[in-house]
Amino acid sequence: MSGSDYVYHIQVEISAISFPGGALLRKVQSEQEVMDHHDQLLKSTLDTASYQKLYSFYYLINGFAIHTTVSQVAKLRAIKEVRTIEKDRGARLMTTYTPTFLGLPAGAWAREGGPQNAGEGIVIGLVDSGIDPTHPSFANTASDPFLPNIPRFSGTCQTGPLFPENSCNGKIISARYFSAGAAALMPLNASKDFFHVAAIAAANSGVQVIVDGFNYGSASGMAPRARIAVYKALYPDIATLADVLSAIDQASQDGVDILSLSVGPDEPPKDSSFTMLNVFDVMLMFAQRAGIFVVQAAGNKGPDAGTVISFSPWVMGVAACHTDRTYAPYLLLGNYLTSTFTDYKLVSAKDAAVLPNVTAEECQNPDALMAEVVQGSILICSFSAGFFQRNSTIYAVLRTASKLGAMGFVLVANPLYGDFTADPVPFSIPGIMIPRVSDAQALMEYYENKTHRDETGVAYAYGATASVRSGREASFNEKEAPIVSRFSSRGPGVNDLKLSPSDILKPEILAPGHTIWAAWSPISMVDPLLKGYSFAPLSGTSMAAPHVAGIAALVKELHPSWTPAMVASALVTTASKYDNKGNPIMAEGSYSNTGNLYPATPFDYGAGLINAAAAMDPGLAFQSDFEDYISFLCAMPNMDPQAVQDATGMQCNNSLAYPSDLNLPSITIGALKGDRSVWRNVTNVASGTETYLCSVLPPRGVEVQVLPSFFTIAPQETQDLEIKLSVVQALNVFSFGEIVLIGSLDHMVRLPLTVFTLPVH
């Protein structure tokens, strides 16, 4: 094969093993029959030695992934049995204290008998970049051992150089790797890029977080007694969707209860006109049909609108936020020092440069600076062009300062490039980042006033002094939280390649994802700054998704008969749109102004911050199933029924009147003209009969009426609701409101309401 070869995913017209029959051509008898059929199809259609079959998909969908050329794929397109062909889009990761912030110890954990029972018997499957089985977060302790297996779960452990035979210890009950797609495009070495989203979802409770000899406190997963099944499908230099798809198919066959995806396609689908009909989303729909609750990171391309990469209603998209925990390192200058602080001279890298250049100012190379000037000082480095272009690193700053014998360093904002964002990370020597230009200018003004220069401007004496305080002591509840993180991808979700807004609220929920302490492997090569550490503070919607997965495990443990849609409903309808001070949640704005906050909307946070305790007892549930999702797809604007059948194998026999009629715990209408009625159906999942009063906060420009305006409902009974919407002012923008069902037994059920109003003509 040549340089024009790619990885492709192909679906064929035979039932998958888990869902035989239906609208498809014939019933599959076995896994081997599926694989044999794939091999025969390829052998009879493609030229010898022109392709490499990477995987057969046989449990959720029926298809395969191959590495071949464009000309060979053209031959497959001509085969009647081939339903869909997609080019691989690549995949990527959407890259402690949070149990307390989310109220778990006194709420959901207490309800389940404490952390020693929280999540017991639930299996959380995680598709990411691996796990370190030696980490204490995943230990099976003699004092409270995990049972060796769960009878309904059939996973296994693949051994390797970094994963010996005893690695599956009862806490970790399955571990597999999928690398055929990555290996087809690039040679792979033994990977050491362990990335422990598993620890956030289900790490043991009370593990001490010690970094550089300092104890940062204890860490716990959301569901500390849940079991972990890990499916490694990402590698340091490359990741393919083929590997991710095979991991999802295997996890579903193994029998996981929850599937947490801190990964996703690298870009929207190009081979399908509709975002929800690509093979990734279709496979997740079948996973949901198999009873698996699926959580996906919303993406890290915020704060721009429409950047969310979780598209489908059968997958819960998770946005990321700050918690109220802060680490506040600070620089104490000159005259403010007391005898309790040791001060050191301040030296700007620009003044210590052997030759003036940007690399020297950014402290990227120790050879570019005069060691005799820097030694024993606090080195001031500039966030300039190299950082702005992502060529320079904080690791290089640390290496330079350490090699030259500096007592610490300061990385300051450059007025030419504006403010920058700075997350706290552990440093082996004292270090601080000053990301705001105004603060940096105050420091540099003090420095210039105390620095003596000759007539050419060369510094010869340094009078400015300072002391760096590491800021390792955390403070709590001193700031408003949550705040939606700047990087977190925003809604609205889109239907198609034209970016038409969908009738689905995306993201659905908000969870902590900013500076989250997580178990880390000391041998990981992902970030040189973290090499040797067993814990690391990480940020990304990759961190937020496993929070939701862990809490979903708690809900599933308490309500084992609930469907994935019911679990999702419980999380969404009980979420909070207020911060810890009782004010509406705020969101971070533009990268050019790091202090910019604005009132968040459902396109920033979905229904709001996840509330674990309330989700255990939501009162009402909104249910939908596989057939409802097919009806939803068939109702989408400009949808070709044949496209639905090609992607899912199901015919459009019973479309909804509008996509917005899908029975979700939110209402989103991407284009509302005139009047429309939207329908919902609720089930009483509480233990007693309850009367609900329907309250409405209408979106701007829309009149909303809920019928009936109140109702009484017994346990397990259902109630239809008609929501009448009328445009009274066409705004040509989205506006936001909510419907609140207030129960007589103190249940409160919130439905976010999001509407784009258009003129009738």
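In this text the structure is predicted, and so the values were computed from the model without any measurement.

## Here we look at the overall build of the protein chain
Argument step 1. The helix and strand inventory of the protein chain stands at 20 helices and 39 strands.
Argument step 2. Counting only residues that meet the buried cut, the protein chain has 59% of its 761 residues in that class.
Argument step 3. Accessible surface, the protein chain as shown: approximately 29,300 Å² in total, 51% of it carbon and sulfur.

## Describing the sheet that holds strand β17 (residues 344–348)
Argument step 1. The 6 strands lie next to each other as β16-β23-β17-β18-β19-β20, forming an open sheet whose pairing is mixed. Strands with a single pairing partner mark the edges of an open sheet, and in this sheet they are β16 (330–333) and β20 (431–434). Within the sheet, the average angular offset between the axes of one strand and its neighbour, ignoring direction, is 35°.
Argument step 2. Contacting β18 (378–383), β19 (408–413) and β20, helix α13 (residues 394–403) crosses the sheet at an angle of about 145° to β19.

## Section: the pattern of salt bridges
Argument step 1. Using the criterion set out here, one finds 13 salt bridges in the structure.
Argument step 2. Glu-448 is the salt-bridge partner of Arg-453, the closest N and O atoms lying 2.9 Å from each other.
Argument step 3. Residue Arg-453 is classed as partly exposed on the basis of its relative accessible area of 26%.
Argument step 4. Overall, Glu-448 belongs to the partly exposed group, its relative accessible area being 38%.
Argument step 5. Across the pair Asp-604 and Arg-490 runs a salt bridge, and its minimum N-O distance is 2.8 Å. Taken together, the residues span a long stretch of sequence, with Asp-604 in helix α17 (residues 602–605) and Arg-490 in the loop between β25 (483–484) and β26 (509–512) at a distance of 114 residues.
Argument step 6. A residue is classified by how much of its surface remains accessible, and Asp-604, at 4% relative accessible area, is buried.
Argument step 7. If you follow the salt bridges from partner to partner, you end up with Glu-120, Arg-225 and Arg-227 in one network.

## Structural notes on the pairing of strand β14 (residues 316–322)
Argument step 1. In terms of burial, β14 is largely enclosed, as 7 of its 7 residues are buried.
Argument step 2. Here β14 shows two buried faces, one formed by Met-316, Val-318, Ala-320 and His-322 and the other by Gly-317, Ala-319 and Cys-321.
Argument step 3. Of the pairings in the sheet, the one linking strand β13 (residues 293–297) to β14 comprises 3 bridges and is parallel in character. Following the sheet pairing, Ala-297 is matched in β14 by Val-318.
Argument step 4. Bridging between β14 and β26 involves 4 bridges; their strand directions are parallel.

## Side note on the state of the cysteines
Argument step 1. Counted by the stated rule, this structure contains 3 disulfides.
Argument step 2. The disulfide that involves Cys-157 links it to Cys-168, with 1.3 Å between the sulfurs. What sets the handedness of the Cys-157 and Cys-168 disulfide is the S-S torsion sign, and at about -65° it is left-handed. Remark: Cys-168 occurs in the loop between β6 (123–128) and β7 (172–177) and Cys-157 occurs in the loop between β6 and β7; sequence separation between them is 11 residues.
Argument step 3. Cys-157 sits in the partly exposed class, given a relative accessible area of 23%.
Argument step 4. Each sulfur of the disulfide joining Cys-634 and Cys-652 lies 1.9 Å from the other.

## As for helix α1 (residues 31–45)
Argument step 1. Spanning 15 residues, α1 covers 22 Å between terminal C-alpha atoms, matching the ideal 21 Å at 1.5 Å per step.
Argument step 2. The complete set of buried residues in α1 reads Val-34, Met-35, His-38, Leu-41, Leu-42 and Thr-45. Mapping the buried residues of α1 onto a view down its axis gives an arc of 125°, with all of them on the same face. Away from its buried face, by an angle of more than 90 degrees, α1 presents the exposed residues Lys-43 and Ser-44.
Argument step 3. Tucked into the core, α1 has its buried residues touching β1 (5–12), β2 (51–57), β3 (63–69), α2 (70–77) and β4 (82–87).

## Here we look at the packing of helix α8 (residues 279–289) against helix α19 (residues 626–634)
Argument step 1. It is the contact of α8 with α19, at a shortest axis distance of 9 Å, that shows an interaxial angle of 150°. By the criterion of interaxial angle, the relationship of α8 to α19 is roughly antiparallel. Only Phe-626, Glu-627, Tyr-629, Ile-630 and Leu-633 of α19 make contact with α8, whose side of the interface consists of Met-285, Phe-286, Gln-288 and Arg-289.

## Structural notes on the sheet that holds strand β31 (residues 620–622)
Argument step 1. The strand order β31-β33-β37-β35 describes an open sheet built from 4 strands, whose pairing is antiparallel. Looking at which strands have only one partner, the edges of the open sheet turn out to be β31 and β35 (702–707). Strand-to-strand, the axes of this sheet are offset by a mean angle of 30°, without reference to chain direction.
Argument step 2. The sheet contact formed by strand β33 (residues 675–684) and strand β37 (residues 718–727) spans 9 bridges and is antiparallel. Counted as the bridge partner of Arg-680 is Leu-721 from β37.

## Some thoughts on the packing of aromatic side chains
Argument step 1. All chains considered together, the criterion is met by 13 aromatic pairs.
Argument step 2. Measuring from centroid to centroid gives 6.4 Å for Tyr-55 and Phe-178, while their planes differ by 50°, and the two rings are tilted.
Argument step 3. According to the relative accessible area criterion, Phe-178 is buried, its value standing at 8%.
Argument step 4. Put simply, the rings of Tyr-55, Phe-57, Phe-178 and Tyr-231 touch in pairs and so form one group of aromatic residues.

## What about unusual backbone geometry?
As a rule of thumb, non-glycine residues mostly have phi less than zero, and peptide bonds are mostly trans rather than cis.
Argument step 1. For the bond from Lys-506 to Pro-507, the omega torsion is -10°, close enough to zero to count as cis.
Argument step 2. Its location among the elements puts Pro-507 in the loop between β25 and β26.
Argument step 3. Looking along the chain, the bond that leaves Leu-707 and enters Pro-708 is cis, with omega of -5°.
Argument step 4. Looking at the secondary structure, you find Pro-708 in the loop between β35 and β36 (710–713).
Argument step 5. At Asn-732, a position not held by glycine, the phi torsion is positive, near 60°.
Argument step 6. Structurally, the position occupied by Asn-732 is in the loop between β37 and β38 (734–743).
Argument step 7. One non-glycine residue, Asp-746, adopts positive backbone phi at about 80°.

Thresholds applied
- Residues numbered from 1 in each chain as written.
- Predicted model: local features only at pLDDT ≥ 70, side-chain atom pairs only at ≥ 80, totals over all residues.
- Heavy atoms only, no water.
- Helix = DSSP H or I, 4+ residues; strand = E, 2+ residues; numbered from the N terminus.
- Buried < 20%, exposed > 50% of the residue type's maximum accessible area, 1.4 Å probe, protein only.
- Areas by Shrake-Rupley, 256 points an atom, 1.4 Å probe, with all protein chains shown as cover.
- Pairing = 2+ DSSP bridges.
- Axes fitted to C-alpha atoms, helices over the stretch in contact; angles between N-to-C directions.
- Contact = heavy atoms within 4.5 Å.
- Salt bridge = Lys/Arg side-chain N within 4 Å of Asp/Glu carboxyl O.
- Disulfide = S-S within 2.5 Å.
- Expected span 1.5 Å × (residues − 1).
- Arc of directions from axis to C-beta.
- Parallel < 35°, antiparallel > 145°, perpendicular 65-115°, else oblique.
- Phe/Tyr/Trp six-rings, centres within 6.5 Å; stacked < 30°, edge-to-face > 60°.

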